[in-house]
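Notes for the structure review
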Amino acid sequence: MASAVSFSSSLSYGMFGGDTNVRDSEIPFLGATEIVDLILRKKISSVELTQLMLSRINEIDKKINAINVLMEEEALANAKKADEMLSRGEILGPLHGVPITIKDSFRIKGVVTTAGNPLLKDYVPEYDAVSVARLKKAGAIILGNTNVPYMLDDHQSFNDIYGRTLNPWDLNRSPGGSTGGGAAALAAGLSFLSLGSDTAGSIRIPSHFCGVFGHKPTIDVVPKKGQIPPLPGSLPYKSNGLSVAGPLARRAEDLKLLMEICGGPPEPGSIAYSWKMPEVRKSNLKDFRIKYVMDDPLCPVSPEIKPIIESAFSKFRNAELNMEEGWPDTIDPEEQYHNYIYLLHAYVSGGAPDSEIEILRESIDSDEKNLSNIRAKAFSNPHKYFKQQESRRLKAREDWQKYFSEYDAFVMPVAFVPAFPHIEKTWYPNNPDPAKRRILNTPEGERDYDDLLFWISFATLTGLPSTVFPIGLTSTGLPVGLQVIGPFLEDATQI
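As the structure is a computational prediction, the values presented were derived from the model and not from experiment. (Residues numbered from 1 in each chain as written. Predicted model: local features only at pLDDT ≥ 70, side-chain atom pairs only at ≥ 80, totals over all residues. Heavy atoms only, no water.)

1. Some words on the overall build of the protein chain
A tally of helices and strands in the protein chain yields 15 helices and 15 strands. In terms of C-alpha radius of gyration, the protein chain reaches 22 Å, essentially the compact-globule figure of 23 Å for 495 residues. Summarising its shape, the C-alpha atoms of the protein chain cover approximately 70 × 55 × 55 Å along the three principal directions. Every one of the 495 residues in the protein chain was classed for burial, and the buried ones make up 58%. When contacts within the protein chain are restricted to residue pairs at least 6 apart in sequence, long-range pairs at least 24 apart make up 75% of them. Within the structure as shown, the protein chain displays about 20000 Å² of accessible surface, and the carbon and sulfur contribution to it stands at 51%. Distance from the positive charge centre (52 side chains) to the negative charge centre (62 side chains) of the protein chain: 3 Å. (Helix = DSSP H or I, 4+ residues; strand = E, 2+ residues; numbered from the N terminus. Rg over C-alpha atoms; globule rule 2.2 N^0.38 Å. Buried < 20%, exposed > 50% of the residue type's maximum accessible area, 1.4 Å probe, protein only. Contact = heavy atoms within 4.5 Å. Areas by Shrake-Rupley, 256 points an atom, 1.4 Å probe, with all protein chains shown as cover. Lys, Arg positive; Asp, Glu negative; His and termini not counted. Charge placed at Lys NZ, Arg CZ, Asp CG, Glu CD.)

Next up, the structure:
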């Protein structure tokens, strides 16, 4: 494998006394719930933890470039405040004194927030995004914001302001996008929790590439209010029915914790109604009914990750879990994937110039299943076709809910490849010219870059919650994850 970050680093902490079993080298890789327990039991202070994270960032982030704006003075001041309050028996909230990071698309008051767009390189928000405000209120210490691609639109994380983020497992490879900086920071032990967002796998693919946990919540449960896009000063717009905000972490329980902190409507909705995450359906894992697929001809998984996935399911069967292979009878994978591709591109078509839309319209031929045709139609069709696709999306959610009336979860791959080498070529996701489209090299040959959208499409299309969890490493030492999709609004079940 190519060069990778030494996760343990050369730093020495010496913070713990003799009454704990935690070694110093393990501290940066504990979960947020474990860290807050240590803080509240006064085994370590928030200031010590914050200093530790800042020291690691100053040493390790030079290699991976995960964090854009480091809020060193503010983080230390807030950590000191948390320790002083604890000394008086006061607790800020469930993340009291825990250092975390925020994706550089959520506004942080007084901190440059860019979404990777050079037009925003000097933009300093005057208010916090709703989820950021809730995390602060819960006692989190924000270390800074993490790198993203231009306007969150890529499976790599680089832009003209901050450059490229590298995968800590292999510096020649992508950490994923668009929450690539957040996933890389967690993998390298630079943060205990990270806030991200997901429309096209932007939480799930980085989690898979970097070997961490990630959760795409049920649509509209975690507010995105205060995120960019839309650009500052532009007209607000309604949720597109696909995009969500959610957590990345090193432990599944940390995902649930952030959901409990950040979930629920923002104002003015919060005046009238509230949200509470439903309890897990069953207490014993062996009582869950689960179906799964390990592969599909529509998007075959690469030989690099297939043995890891097969080994994981072998372990599940050996543990006598109640699992059945195959797609639900109510689900047509190809139909739903095409539905997602149409809606994804329709939602971003508003910014396309008329000349580009006309070129796309003229490129359409009679092949109904050709993805280039579907993309072109999404940009150029009259609005009535969009409404038809919206109806198909709602029908797809109903079909999955029929499945979840009998089963509790569905497990599938996250992506068909592990983390791929950095690609310098500019991405033209809507360009019909094959010469201007990216490809990924696999042991079985070239694959279209947009194939990365297949496995993440089903949960996004339907607004269902989906959790990614790491299952092992490839023969070259790259992380592999699986995703488990759960019933609508029942995020705790698959977490």
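So that's the structure; there's more coming.
2. Comments concerning the confidence of the model for the protein chain
Model confidence for the protein chain is summarised by a mean pLDDT of 93, while 94% of its residues fall at 70 or above. In this model residues 10-19 is a low-confidence stretch, pLDDT under 50, and it forms 23 contacts with partners more than four residues away in sequence or in other chains. (pLDDT = per-residue confidence, 0-100.)

3. Side note on the side chain of Q483
Here Q483 lies in strand β15 (residues 479-485). Within the structure, Q483 has its side chain in polar contact with the backbone oxygen of P413 (distance 3.0 Å). A polar contact of 2.7 Å, which involves the side chain of Q483, links it to the backbone oxygen of W455. For Q483, the contacting residues outside a window of four places in its chain are R204, F410, V411, M412, P413, V414, W455, I456, S466, T467 and V468. (Polar contact = N/O pair within 3.5 Å; in protein donor to acceptor, adjacent residues only side chain to side chain.)

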